[in-house]
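Chain by chain, the residues run as shown.
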Amino acid sequence: MKFFIDTADLDDIRDLAATGMVDGVTTNPSLVAKTGRSFLEVVEEIAGIVDGPVSAECVATDFETMLKEGEKLAAIADNIAVKVPLTVDGLKTCKALSDKGVMVNVTLCFSAAQALLAAKAGAAFISPFVGRLDDVGQDGMELIADICQIYAQYDFDTEVLVASVRGPQHVVMAAKLGADVATVPPKVLRQLYGHPLTDKGLDAFLADWKKTGQTIL
Ligand code: G3P
């Protein structure tokens, strides 16, 4: 399973990329707005830090302009995945860019029917938003199960990229369902490492080691 980080914060990206756990990055207009920086510059810098796919989102809503935006974003670096919304124009853009060999991430997916359309449009990634579904009383992970089942049944190449992840449990459930990727906020990626029994156990081992008076180096 691949881990992408869902942020446009360059310090977090550098810090977490150094752990070797980051397979890619996803951004969205809200995350870019938080940085207060130029979108195109930020995307170019991120694409230079990580080797894997870096999602950069179009902001036009009509096909012609979205396609131009997508082409411009894709030209920034080879590892850019152009992000388009799950609308008719977004899917048309997805098809046009995918036909040219550009990776496309179709975002704002909230139903299995939408995910089916994205796969048919040639998306490299489909981004179902599990947290936002949970927020409105639906079961986000049930949607992941449905999409994984449908994609496996038809052998679609589109990767299921679990988005809007709110905590480690979402990541574990996504892994149990066989999702290809989870994009997680930096905080959640750091939470994945932690367990109080790991800290407690390490303290005890080191205390006992100290009693031996030995060193390894
Ligand atoms: O990047 C898309 C998605 O992960 C956003 O998550 O937390 O704003 O629902 P969130």
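Residues numbered from 1 in each chain as written. Predicted model: local features only at pLDDT ≥ 70, side-chain atom pairs only at ≥ 80, totals over all residues. Heavy atoms only, no water.

In the nomenclature of an unreviewed UniProt entry, the chain corresponds to Probable transaldolase from the organism Marivibrio halodurans. If you open the UniProt record of the chain and go to Pathway (unreviewed entry), you find "Carbohydrate degradation; pentose phosphate pathway; D-glyceraldehyde 3-phosphate and beta-D-fructose 6-phosphate from D-ribose 5-phosphate and D-xylulose 5-phosphate (non-oxidative stage): step 2/3." Under Subcellular location (unreviewed entry), UniProt gives the following word-for-word description of the chain: "Cytoplasm". (UniProt positions renumbered as here; feature names shortened; annotations may be inferred.)

K.L.:
Describe the site of the ligand, and please don't skip the residues or the numbers.
P.N.:
Surveying the vicinity of the ligand reveals the residues D6, N28, K83, F129, R132, A163, S164 and R166. A distance of 2.5 Å separates an oxygen atom of the ligand from a polar atom in the side chain of D6. At 2.8 Å, a side-chain N or O of R166 approaches an oxygen atom of the ligand. Here the ligand, which alone exposes 310 Å², has 82% of that area covered by the protein. Broken down by class, the residue content of the shell around the ligand amounts to two nonpolar, two polar and four charged. (Near = heavy atom within 4 Å. Polar contact = N/O pair within 3.5 Å; in protein donor to acceptor, adjacent residues only side chain to side chain. Areas by Shrake-Rupley, 256 points an atom, 1.4 Å probe, with all protein chains shown as cover. Nonpolar A, V, L, I, M, F, W, Y, C, P; charged D, E, K, R; others polar.)

K.L.:
Report on the pairing of strand β6 (residues 125–128), specifying residues and quantitative values.
P.N.:
Across the two faces of β6 the burial is the same, with F125 and S127 and I126 and P128 all buried. In terms of strand pairing, strand β5 (residues 103–109) meets β6 through three bridges, oriented parallel. Bridge pairing in β6 links V106 to I126. The pairing of β6 with strand β7 (residues 159–162) spans two bridges and is classified as parallel. Counterpart to I126 in the pairing with β7 is V160. (Buried < 20%, exposed > 50% of the residue type's maximum accessible area, 1.4 Å probe, protein only. Helix = DSSP H or I, 4+ residues; strand = E, 2+ residues; numbered from the N terminus. Pairing = 2+ DSSP bridges.)

K.L.:
Summarise the UniProt feature "active site" (unreviewed entry) in the chain; cite the residues concerned and give the values.
P.N.:
Using the residue numbers shown here, the UniProt feature "active site" (unreviewed entry) corresponds to K83. With residues near it in sequence (within four places) discarded, K83 still touches T26, T27, N28, S55, A56, E57, C58, N105 and T107. At a separation of 2.9 Å, a polar atom in the side chain of K83 contacts the main-chain carbonyl oxygen of T27. (Contact = heavy atoms within 4.5 Å.)

K.L.:
Explain the packing of aromatic side chains to me, using residue names and the numbers behind them.
P.N.:
Applying the stated criterion to the full structure yields four aromatic pairs. Between F4 and F125 the ring centres are 5.7 Å apart and the planes differ by 75°, which places this aromatic pair in the edge-to-face class. Taken together, the residues F4 in strand β1 (residues 2–6) and F125 in strand β6 connect sequence positions 121 residues apart. Residue F4 shares its accessibility class with F125, and that shared class is buried. Here Y154 and F156 contribute two aromatic rings whose centre-to-centre distance is 6.0 Å and whose plane-to-plane angle is 35°, an arrangement assigned as tilted. Through a chain of ring-to-ring contacts, three or more aromatic side chains come together here, namely Y151, Y154 and F156. (Phe/Tyr/Trp six-rings, centres within 6.5 Å; stacked < 30°, edge-to-face > 60°.)

K.L.:
Now, about the environment of P85: what can you tell me, with residues and values included?
P.N.:
The topology assignment puts P85 in strand β4 (residues 80–85). Of the residues examined, P85 reaches a relative accessible area of 14% and is grouped as buried. With 63 residues separating them along the chain, P85 and C148 place their C-alpha atoms 20 Å apart. P85 has contacts with M66, G90, L91, V106, T107 and L108, leaving out every residue within four places of it along the chain.

K.L.:
Hey, could you go over a negative patch on the surface for me, with residue numbers and the actual values?
P.N.:
Residues D134, D139, E142 and D146 make up a contiguous surface patch of negative charge. Its place among the elements puts D134 in helix α7 (residues 130–135). Take D134: its relative accessible area is 33%, and that puts it in the partly exposed class. (Patch = residues over 30% accessible without salt bridge, like charges linked within 9 Å, V, L, I, M, F, W, Y side chains within 5 Å. Salt bridge = Lys/Arg side-chain N within 4 Å of Asp/Glu carboxyl O. Lys, Arg positive; Asp, Glu negative; His and termini not counted. Charge placed at Lys NZ, Arg CZ, Asp CG, Glu CD.)

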